[in-house]
Amino acid sequence: MTSKDKMRDLLAREAARLMAEEGIENPLRARSKAAARLGCTDRRRWPGSDEIDTALLEHRRIFEAETQPMELLRLRTLAIEAMEFLREFAPDSPAACWTVPPVGTAR
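Computed from a prediction, not measured in an experiment: that's the story for all the values here.

Asker: Would you mind going over a nonpolar patch on the surface with me for this structure?
Answerer: A cluster of nonpolar side chains, namely F85, L86 and F89, defines an oily patch on the protein surface of about 360 Å² accessible area. One can find F89 in the loop between helix 4 (68-86) and helix 5 (95-98). Classification of F89 by relative accessible area gives exposed; the value is 56%.

Asker: Whenever I open this one, the pattern of salt bridges confuses me. Can you help?
Answerer: Going through the model one piece at a time under the given rule, you end up with 12 salt bridges. Ionic pairing is found between E14 and R17, a salt bridge with its closest N-O pair at 2.9 Å. Of this pair, E14 and R17 both sit in helix 1 (residues 3-22), three residues apart, which is roughly one turn of the helix. Assessed through its relative accessible area of 16%, E14 is described here as buried. Accessibility expressed as a relative area gives 24% for R17, which makes it partly exposed. The closest approach of N and O atoms between D42 and R45, which form a salt bridge, is 3.9 Å. Here D42 falls in the partly exposed class, since its relative accessible area comes to 26%. Connected through shared salt-bridge partners, E14, R17, E21, E22, K33 and R37 make up one network.

Conventions we followed
Residues numbered from 1 in each chain as written. Predicted model: local features only at pLDDT ≥ 70, side-chain atom pairs only at ≥ 80, totals over all residues. Heavy atoms only, no water. Patch = residues over 30% accessible without salt bridge, like charges linked within 9 Å, V, L, I, M, F, W, Y side chains within 5 Å. Areas by Shrake-Rupley, 256 points an atom, 1.4 Å probe, with all protein chains shown as cover. Salt bridge = Lys/Arg side-chain N within 4 Å of Asp/Glu carboxyl O. Helix = DSSP H or I, 4+ residues; strand = E, 2+ residues; numbered from the N terminus. Buried < 20%, exposed > 50% of the residue type's maximum accessible area, 1.4 Å probe, protein only.

Written out as structure tokens, the structure is:
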């Protein structure tokens, strides 16, 4: 592995850590912050979003293996509760939202 590849990998892993531990959602923002922390100004050495995503999955596999399944279940349960709550506000016919009346007519 060349020094360029090592820096790229190190930046990807640091960006992933920032996303996992500090809650940064944007991989590009995490990458910029990681580069600043590691003093890497050569953007040619910066990893792409796909490399950061891969590093984030690896980070979670290693450091969150015990807690991630429960957190995922909690979030899925919340999503179901939200969908059930919003069910009563659904329109009778979704087609009504997409139907455009002829010009010159009022609804």
